[in-house]
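Read off the chains here:
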Amino acid sequence: MDETVKVTREGRIALVLLNRPHAFNAFDLDTVQALSRELMALSGDGGVRAIVITGEGKAFCAGGDLKWAASFGSEPASAFHRLAGHLHLGILEIRRMRKPVIAAVNGVAAGAGFSLALACDFRVLGRSATLRQAYTSNGLCINGGGTFSLPRLVGLARALEVAAFDEAIPAQKALAWGLATKVVDDTRVVEEAMAMGRELARRSLSSFGWSKQLLIDAFDTSLEAQLERERAGLVSCAAHRDGQEGLRAFVEKRKPIFDAR
């Protein structure tokens with residue numbers, strides 16, 4: 001297991017810990033490669049039904065490690081090309097997987113950490129946590145899927161404001177803007193995210209997976225195409241054992257027990 005990214009299990013929930021606290025969990029090449037590998041492995045693990053991502057120490061993730069990039073001397077573009085490429089594999093894995101992914105934002109989430117948090121399906125923030133895109137203040141442009149996620153969460157006008165002024169977004173403002181699912185005491189961030197994961201794990205992954213993908217795709221497709229995809233999803237869910245269990249439970253007036261596999 002990679003030292004910079006640690007994975008532990010609690011029942012059917014996987015906790016992914018970014019483990020570079022001395023660098024506020026900033027991403028160097030080893031760390032983004034490890035994160036992408038772990039996410040790919042968890043996506044295909046039938047025993048895992050929800051994933052929580054958090055950071056060790058005082059930060060969620062401070063973004064790309066600019067000191068590491070600067071070590072490339074006159075060729076920092078080469079560093080960012082490699083770093084972004086591996087990070088984007090992890091972002092795509094989060095977006096594609098049919099399992100819920102929860103960011104437990106225990107401190108600052110900046111730059112690539114900001115984009116990583118936004119790529120997750122849900123975000124639990126500590127009261128003292130902050131979000132900041134950070135790229136533009138360093139003469140860079142937003143990456144890590146941030147330009148995909150941000151306008152979908154807050155709208156184009158506010159996304160442009162975030163990009164242009166790069167002001168830190170405290171937890172309560174993030175909640176008001178729709179960037180946070182909930183805000184809790186700092187000491188309860190991971191605990192609350194794990195509890196959310198346990199609740200989601202009891203639900204149908206077939207239903208969640210289809211709903212997640214349909215909602216993501218809805219921004220880039222026509223109504224006609226989306227309606228056809230919805231019908232395909234509905235038929236697939238109805239044919240799945242979870243759909244059949246849900247219908248039986250409704251008729252029998254009980255709570256459904258969905259497939260734990």
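Some details on helix α10 (residues 223-239)
- When the terminal C-alpha atoms of α10 are compared, their 24 Å separation across 17 residues agrees well with the 24 Å that a helix rising 1.5 Å per residue should span.
- Those residues of α10 not exposed but buried are Q226, G233 and C237. Along α10, the residues classed as buried sweep out an arc of 30° about the axis, all on the same side. Exposed residues lying more than 90 degrees from the buried face of α10 are E224, R231, V235 and A239.
- On the buried face of α10, the contacting elements are α9 (205-217) and α11 (241-251).

Let's talk about the environment of I102
- Residue placement: I102 occurs in strand β5 (residues 101-105).
- Residue I102 is classed as buried on the basis of its relative accessible area of 0%.
- C-alpha separation for the pair I102 and L118, spaced 16 residues apart in sequence, amounts to 9.8 Å.
- Not counting residues within four places of it along the chain, the set of residues in contact with I102 comprises I51, V52, I53, C120, F122, V124, A193, M196, G197 and L200.

Quick word on α9
- With 13 residues, α9 should reach 18 Å at 1.5 Å per residue; the first-to-last C-alpha distance of 18 Å fits that figure.
- Listed in full, the buried residues belonging to α9 are L205, S206, F208, G209, W210, K212, L214 and I216.
- In this structure, the buried side of α9 is in contact with α3 (76-96), β7 (122-126), α5 (146-154), α10 and α11.
- Measuring from the side-chain oxygen of the N-cap residue of α9 to the backbone nitrogen of S206 gives 3.3 Å; that N-cap residue is S204.

Notes on the nonpolar core
- With 52 residues, the main nonpolar core has F27 and I53 as its most contacted residues.
- In terms of nonpolar packing, the next biggest core, distinct from the first, is built from 14 residues, I13, L15, A50 and V124 among them.

Side note on the packing of aromatic side chains
- Taken as a whole and judged by the stated rule, the model has 1 aromatic pair.
- Both rings, one in F122 and one in F208, keep their centres 6.4 Å apart while their planes meet at 35°; by these two values the pair is tilted. Of this pair, F122 sits in strand β7 while F208 is found in helix α9, placing the two residues 86 residues apart along the sequence.
- Above the ring of F148, the side-chain terminus of R152 is found at 3.6 Å from the ring centroid.

What to know about the side chain of R20
- With respect to the helices and strands, the residue R20 is situated in the loop between β2 (13-18) and α1 (29-43).
- Here D65 takes part through its side chain, which lies 3.1 Å from a polar atom of the side chain of R20.
- Look past the residues within four positions of R20 in its chain and what remains in contact with it is T4, N25, A26, F27, D28, T31 and D65.

Cut-off values and rules
Residues numbered from 1 in each chain as written. Predicted model: local features only at pLDDT ≥ 70, side-chain atom pairs only at ≥ 80, totals over all residues. Heavy atoms only, no water. Helix = DSSP H or I, 4+ residues; strand = E, 2+ residues; numbered from the N terminus. Expected span 1.5 Å × (residues − 1). Buried < 20%, exposed > 50% of the residue type's maximum accessible area, 1.4 Å probe, protein only. Arc of directions from axis to C-beta. Contact = heavy atoms within 4.5 Å. Polar contact = N/O pair within 3.5 Å; in protein donor to acceptor, adjacent residues only side chain to side chain. Core = buried A, V, L, I, M, F, W, Y, C linked by side-chain atoms within 4.5 Å. Phe/Tyr/Trp six-rings, centres within 6.5 Å; stacked < 30°, edge-to-face > 60°. Lys NZ or Arg CZ within 6 Å of the ring centre and 35° of its normal.

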